[in-house]
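Structure assessment
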Amino acid sequence: MYKSLRQQTLHYFARPHQQVLLSPLHSAAAWRGDELRQSSDWIEVLSTAEVAELHTAVQRATASGKALARLSRTDFPLPTLQARIAQWREQVRRGRGFVLVRGLPVDAWTPQETETFYWCFGQHFGLPGAQNPQGDLIGHVRDQRTGEDVRLYRTNQSIAVHCDAADVVGLLCLRPAQSGGLSRLVSSVTVYNALLQQQPQAVARLYQPFYFDTKGEGGLRAFPVPPCAYADGELRTFWQSDYYRSAANWPEVPALSSADLALLDAYDALASSPELYLDMDLQAGDLQLVSNHTVLHARTAFTDAASPDERRHLLRLWISLPEQRRLNIRWLTARSWLGLAYTASRELTRRRFAA
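Now for a quick tour of the structure. Remember, predicted model here, so these are calculated numbers, not experimental data. (Residues numbered from 1 in each chain as written. Predicted model: local features only at pLDDT ≥ 70, side-chain atom pairs only at ≥ 80, totals over all residues. Heavy atoms only, no water.)

1. Let's talk about the nonpolar core
Proteins that are soluble and globular tend to have nonpolar side chains buried together. Stated precisely, the cut-off is as follows: Nine residue types can take part in a nonpolar core, namely buried Ala, Val, Leu, Ile, Met, Phe, Trp, Tyr and Cys, and a core is a set of them joined through side-chain atoms within 4.5 Å. Three exposure classes are used, based on accessible area relative to the maximum for each residue type with a 1.4 Å probe and protein chains only: buried under 20%, partly exposed in between, and exposed over 50%. Counting from the N terminus, the helices are DSSP H or I runs at least four residues long and the strands are E runs at least two residues long. Note on definitions: a residue-residue contact is assigned when non-hydrogen atoms from the two residues lie within 4.5 Å.
Membership of the largest hydrophobic core comes to 57 residues, with the highest contact counts inside it found for Leu54, Phe76, Trp88, Phe98, Phe117, Phe125 and Leu172. Among the secondary structure elements, those contributing two or more residues to this core are helix H3 (48–63), helix H4 (81–94), strand S2 (98–102), helix H5 (111–125), strand S6 (168–175), strand S13 (278–280), strand S14 (287–291) and strand S17 (313–320). Look past the residues within four positions of phenylalanine 98 in its chain and what remains in contact with it is Trp31, Leu36, Trp42, Gln91, Val92, Leu185, Leu278, Met280, Leu289 and Val290. Counting 43 residues, the second largest nonpolar core, distinct from the first, contains Ala194, Phe210, Ala271 and Leu296.

So this is what it looks like as structure tokens:
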């Protein structure tokens, strides 16, 4: 069982919203990199018994003969680890917004076994989903060296801070780069608090739509999305400033104002502050799980080894987190979902007339 790209995107963007947040938000999600660098509380190391349980589960799922998309959590029993996975999910959903799981035996598994583990782990963590219109369920993050204009995760270039259109993004490291390729995280709550302190008059604009460049995926070239939504004491942020900027290249999208561009620059500058971000040098067997609502992620440029078998390679998983919500939040979410449906219909009609 999994979500299609459209289902997952709608689930993610249907964020409940009540009001503009005008005072700093103090929560576990409002962390600073310079503080987290002083501890290792965010690293979860697997025990020998837990690794053995994973080996057994991989063997059982493989023996079922099922295709990857048909595997579920019942095909991959984790009687011991499931309680710990629930703690990680709670940390990602309501805590600091990320965890790093260390010690996965990727070197002992075949590529197929590794994908089986990853997909089934996603079923235990939440509900995995497709990552593109082609329905790919597991993304391969590596330099494809095609020379074509492709998304940056398929190159060795740096990637600016951003969010993906899913509740959680998982990155499983199979091989690190020869040098570089650091995974950078920064709390979007902390960035918001800093912006509120420096430019309080600017934050209201974050609750109004910016056009987001979809690169042609999903039937629309651009789609208007408010970066921020705030309800019930939670600030949820979707940040893609590079794609907010490039969306204006489409003829049907209005140009960004000078104030808009200044706001994007100011937010990016804060997110790039060394005291705010946390860099991770992911090693083989590391699994990073990150909330796309409260954490921005980025990547530094990297240099690969000459041998193809030694080049940087990560597997990506997008996961939705179904949950029980109070009636008022369910109503706000439904209202947001209806707004998304109306906006999509409007933008499709506008594009047809523009063509």
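After that view, the rundown keeps rolling.
2. So, the pattern of salt bridges
Our working rule: In the sections that follow, a salt bridge refers to a side-chain nitrogen of Lys or Arg positioned within 4 Å of a carboxyl oxygen of Asp or Glu.
Summed over the entire model, instances satisfying the criterion amount to 19 salt bridges. The shortest N-O distance in the salt bridge between glutamate 90 and arginine 94 comes to 3.4 Å. Taken together, the residues glutamate 90 and arginine 94, both in helix H4 and four residues apart, mark about one turn of the helix. Arginine 94 sits in the partly exposed class, given a relative accessible area of 46%.

3. Remarks on the state of the cysteines
Two cysteines whose sulfur atoms are joined by a covalent bond form what is called a disulfide. Test applied: The criterion for a disulfide is a pair of cysteine sulfur atoms lying within 2.5 Å.
Taken as a whole and judged by the stated rule, the model has zero disulfides. Distance from the sulfur of cysteine 228, which forms no disulfide, to the nearest cysteine sulfur (cysteine 163) is 9.4 Å. Here cysteine 228 falls in the buried class, since its relative accessible area comes to 3%.

4. With respect to the packing of helix H6 (residues 188–198) against helix H8 (residues 258–271)
Defined as follows: Lines are fitted to the C-alpha atoms to define the axes, a helix being fitted only along its stretch in contact, and any angle between axes, read from their N-to-C directions, falls within 0 to 180 degrees. These descriptions rest on fixed angle ranges, namely under 35 degrees for roughly parallel, over 145 for roughly antiparallel, 65 to 115 for roughly perpendicular, and the rest for oblique. With the far helix as reference, a near helix turned anticlockwise by less than a right angle produces a left-handed crossing, and one turned clockwise produces a right-handed crossing. Under this grouping Gly is polar, as are all residues other than the nonpolar Ala, Val, Leu, Ile, Met, Phe, Trp, Tyr, Cys and Pro and the charged Asp, Glu, Lys and Arg.
As a packed pair, H6 and H8 sit with axes 9 Å apart at the nearest point and diverge in direction by 125°. Overall, the two elements H6 and H8 adopt an arrangement that is oblique. As for how H6 packs across H8, the hand of that crossing is right-handed. Residue-level inspection shows Ser188, Val191, Ala194, Leu195 and Gln198 of H6 in contact with H8, the latter providing Leu263, Ala266, Tyr267, Leu270 and Ala271. Along the lines of polarity and charge, the residues of the contact of H6 with H8 split into eight nonpolar, two polar and no charged.

5. Describing unusual backbone geometry
One non-glycine residue with positive phi stands out, namely aspartate 232, at about 55°. Assignment of secondary structure puts aspartate 232 in the loop between strand S11 (228–231) and strand S12 (234–237). The class of aspartate 232 is partly exposed, set by a relative accessible area of 35%.

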